[in-house]
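Descriptive analysis of the structure
Each chain, letter by letter, is given below.
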Amino acid sequence: MLISIAAIAGLAIAFGLLLGYSAIRFRVEGDPIADQVDALLPQSQCGQCGYPGCRPYAEAVAAGDAEINLCSPGGEGTMLAIADLLGREPVEVGEIEETPKQIAAIDEKVCIGCTKCLQSCPVDAIVGAAKQLHGIIASECTGCGLCIEPCPVDCIYLEPVPETVANWKWPYPTPLRPRVVLPPQSDLLPEHREAA
């Protein structure tokens, strides 16, 4: 009995040492550039960039396999931050339109509790159970809109986030048109006075 316990303890120590050595020897380092790009992204995990989440997109950008202007929720600000980080030239944002922040809402009278929206939400902002009313956690919703298409009864829609003191931003000033000031009639040359 004592021999079998000693044998099992010896095997456990040997395998523990082997696993410890393997963890040190074959350790995989993360890409620090991808970590920095990932920190700049909005973490909406919406997939609008063509990648399954923000981390795979950050890795593709760091490797040079993806353009820096694909993040729709981040818009131009995120693209400029990534361009500054990587030392690349800013790229025209093009088809990405910056829209005001929106969150999803569910029409309670129409919802049938099918749970298809639960499966499509990348940030788990929808709560509910099968054949029960679903709801949106407004603080978690990123407004990506991925829950709208799978809904069979079209009870999910996007609505703008109400403007409060906490999220209001000062609008950018509009550029003024230069005013053209004509000299008084007495300063005009004789040939110009007749034309005026």
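Attention here is on the structure that accompanies the text. As the structure is a computational prediction, the values presented were derived from the model and not from experiment.

**Comments concerning the nonpolar core**
Residues Val 37, Leu 41, Tyr 57, Val 61, Ala 66, Ile 68 and Ile 82 are the most contacted members of the largest nonpolar core, which totals 14 residues. Of all elements in the fold, only helix H3 (54–63) and helix H4 (75–86) reach the threshold of two or more residues within this core. Sort the elements by how many residues they give to this core and H3 lands first, with 5 residues. In this structure, Leu 41 is in contact with Cys 54, Tyr 57, Ala 58, Cys 71, Thr 78 and Ile 82, ignoring residues within four places of it in sequence. Counting 13 residues, the second-largest nonpolar core is a separate cluster that includes Ile 103, Cys 141, Cys 151 and Cys 155.

**Digging into unusual backbone geometry**
Phi at Thr 115 takes a positive value of approximately 70°, unusual for a residue other than glycine. Assignment of secondary structure puts Thr 115 in the loop between strand E1 (102–106) and helix H5 (116–120). Of note, Asp 154 is a non-glycine position whose phi angle comes to about 50°, a positive value. You can see Asp 154 is positioned in the loop between strand E3 (135–136) and strand E4 (156–160).

**Focus: the pairing of E1**
Most of E1 is tucked away: 4 of the 5 residues are buried. By the bridge criterion, 5 bridges tie E1 to E4 in an arrangement that is antiparallel. Considered in E4, the bridge of Ala 105 is made with Tyr 157.

**Comments concerning helix H2 (residues 32–40)**
Within H2, the full set of buried residues consists of Ala 34, Val 37 and Asp 38. The buried residues of H2 occupy an angular sector of 100° when the element is viewed end-on, so they sit on one face. The outward face of H2, more than 90 degrees from its buried face, is lined by the exposed residues Pro 32 and Ala 39. Of the surrounding elements, those touching the buried residues of H2 are H3 and H4.

**Considerations on the packing of H2 against H4**
Packing of H2 against H4 brings their axes to within 10 Å, and their N-to-C directions diverge by 160°. Looking at the two axes, H2 sits roughly antiparallel to H4. Seen along the crossing, H2 lies across H4 with a hand that is right-handed. Residues Ile 33, Gln 36, Val 37 and Leu 40 of H2 form the contact with H4, whose participating residues are Thr 78, Ala 81, Ile 82, Leu 85 and Leu 86. Each residue belonging to the contact of H2 with H4 can be placed in one class, and the counts come to 7 nonpolar, 2 polar and no charged.

**What about empty space enclosed by the protein?**
This model, assessed by the stated rule, comprises 3 cavities of 30 Å³ or more. Here the largest cavity defines a volume of roughly 90 Å³. Lining the largest cavity are 14 residues, and of these Ala 104, Cys 121, Cys 141, Cys 144 and Cys 147 lie nearest its centre. A breakdown of the residues in the lining of the largest cavity according to their chemical character gives 11 nonpolar, 3 polar and no charged. Approximately 80 Å³ is the volume found for the second largest cavity. Around the second largest cavity, the lining comprises 14 residues; the ones closest to its centre are Cys 46, Gly 47, Cys 49, Cys 54 and Cys 71.

Each value, and the rule that gives it
Residues numbered from 1 in each chain as written. Predicted model: local features only at pLDDT ≥ 70, side-chain atom pairs only at ≥ 80, totals over all residues. Heavy atoms only, no water. Core = buried A, V, L, I, M, F, W, Y, C linked by side-chain atoms within 4.5 Å. Buried < 20%, exposed > 50% of the residue type's maximum accessible area, 1.4 Å probe, protein only. Helix = DSSP H or I, 4+ residues; strand = E, 2+ residues; numbered from the N terminus. Contact = heavy atoms within 4.5 Å. Pairing = 2+ DSSP bridges. Arc of directions from axis to C-beta. Axes fitted to C-alpha atoms, helices over the stretch in contact; angles between N-to-C directions. Parallel < 35°, antiparallel > 145°, perpendicular 65-115°, else oblique. Left-handed = near helix turned anticlockwise from the far one by under 90°. Nonpolar A, V, L, I, M, F, W, Y, C, P; charged D, E, K, R; others polar. 1 Å grid on protein atoms, 1.4 Å probe; cavity = no way out; pocket = protein on both sides within 12 Å on 5 of 7 lines; lining within 4 Å. Points joined across faces, edges and corners; volume = space filled by probe spheres on them.

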